[in-house]
Amino acid sequence: EAGVTQSPTHLIKTRGQQATLRCSPISGHTSVYWYQQALGLGLQFLLWYDEGEERNRGNFPPRFSGRQFPNYSSELNVNALELEDSALYLCASSLEPAAFFGQGTRLTVV
Amino acid sequence: GEDVEQSLFLSVREGDSSVINCTYTDSSSTYLYWYKQEPGAGLQLLTYIFSNMDMKQDQRLTVLLNKKDKHLSLRIADTQTGDSAIYFCAESTGRRALTFGSGTRLQVQP
């Protein structure tokens, strides 16, 4: 069975541009979580989607947004990119109580 | 609010046991987790324990939970060089996303 898949694996953007990151959950999982792992800052919770609805968001500005599609896959959009948005973005899907992570998208803003 | 703390670094010799400790503050935590992250990779779920359990064993891994002191530990028996990684403790009430500690870097010396 396929695990959580994220695309692209690497993404390089210029400051001010927009980035779109994608996540496909494990089949049967309806919850998707997004986390940011910046160097030296640990894992910061970004967004939680379940059954197509945003259930909770972390302490990030509104330029971080996303959505969940009817097939439970998810997109994370980051607008007006800033240099400090450079990080590993991790997606997880969950079937309570376990959450399984993808390999992440490494976003570099130059 | 939720807070999870871990020591930053642990060094052991190959073949010894490793014990990684974690403390959390949310008394309503329902599940507690241990994840492993190797360089450049996502998070691998190692094990999790329900809050009404004291101990869980899975091959070389033993998780101990002291709910009164809000203390969680992960013991790795017969530590191998392949166990070198960052280990994250996380907790959840099941009604929100996981809250992670800052991670403990385990270095295994041959």
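Attention here is on the structure that accompanies the text. It should be emphasised that the depicted structure is a prediction, and the values quoted were computed from it without experimental measurement.

1. Re the sheet that holds strand β7 (residues 64-68) of chain A
Residues and elements named next belong to chain A. Pairing is antiparallel in the open sheet, where 4 strands are placed in the order β1-β3-β8-β7. Single-partner strands in this sheet number two, and they are β1 (5-7) and β7. Between one strand axis and the next, the sheet turns by 15° as a mean value, whatever way the strands run. Bridge count between strand β3 (residues 19-24) and strand β8 (residues 74-78): 5 bridges; the pairing is antiparallel. Looking at β8, one finds that Arg22 is bridged to Glu75.

2. Let's talk about empty space enclosed by the protein
Throughout the structure, instances matching the rule amount to 1 cavity of 30 Å³ or more. When its volume is computed, the largest cavity comes out at roughly 40 Å³. Residue lining of the largest cavity: 10 residues in total, with Tyr33, Ser94 and Glu96 of chain A together with Ser92 and Leu98 of chain B positioned closest to the centre. When grouped by side-chain class, the residues that make up the lining of the largest cavity number 5 nonpolar, 3 polar and 2 charged.

3. Quick notes on the sheet that holds strand β8 (residues 71-76) of chain B
Residues and elements named next belong to chain B. The strand order across the open sheet built from 5 strands is β1-β3-β8-β7-β6, with neighbouring strands paired in antiparallel fashion. In the strand order of this sheet, the two ends are held by β1 (4-6) and β6 (55-58), each with one partner. Strand-to-strand, the axes of this sheet are offset by a mean angle of 15°, without reference to chain direction. Bridge count between strand β3 (residues 18-24) and β8: 6 bridges; the pairing is antiparallel. Across the sheet, residue Val19 finds its bridge partner in β8, namely Arg75.

4. Points about the pattern of salt bridges
Residues and elements named next belong to chain B. Taken as a whole and assessed by the stated rule, the structure comprises 7 salt bridges over all chains. Here Arg60 and Asp83 are joined by a salt bridge, their closest N and O atoms 2.9 Å apart. With Arg60 in the loop between β6 and β7 (61-66) and Asp83 in the loop between β8 and β9 (85-92), the pair connects residues that are 23 residues apart, well separated along the chain. Owing to a relative accessible area of 33%, Arg60 belongs among the partly exposed residues under this scheme.

5. Considering the layout of surface pockets
There is about 540 Å³ of room inside the largest pocket. Around the largest pocket, the lining comprises 23 residues; the ones closest to its centre are Gln37 and Leu39 of chain A together with Gln37, Ile86 and Arg105 of chain B. Among the elements of the structure, β4 (31-38) of chain A together with β9 and β11 (104-109) of chain B are those that each provide at least two residues to the lining of the largest pocket. A per-class count over the lining of the largest pocket returns 11 nonpolar, 9 polar and 3 charged. By volume, the second largest pocket is sized at about 450 Å³. In terms of lining, the second largest pocket is formed by 23 residues, of which the most central are Leu43, Gln44 and Phe45 of chain A together with Thr99 and Phe100 of chain B. The element best represented in the lining of the second largest pocket is strand β5 (residues 42-50) of chain A, accounting for 4 residues.

Rules and cut-offs
Residues numbered from 1 in each chain as written. Chains lettered and ligands numbered in written order. Predicted model: local features only at pLDDT ≥ 70, side-chain atom pairs only at ≥ 80, totals over all residues. Heavy atoms only, no water. Pairing = 2+ DSSP bridges. Helix = DSSP H or I, 4+ residues; strand = E, 2+ residues; numbered from the N terminus. Axes fitted to C-alpha atoms, helices over the stretch in contact; angles between N-to-C directions. 1 Å grid on protein atoms, 1.4 Å probe; cavity = no way out; pocket = protein on both sides within 12 Å on 5 of 7 lines; lining within 4 Å. Points joined across faces, edges and corners; volume = space filled by probe spheres on them. Nonpolar A, V, L, I, M, F, W, Y, C, P; charged D, E, K, R; others polar. Salt bridge = Lys/Arg side-chain N within 4 Å of Asp/Glu carboxyl O. Buried < 20%, exposed > 50% of the residue type's maximum accessible area, 1.4 Å probe, protein only.

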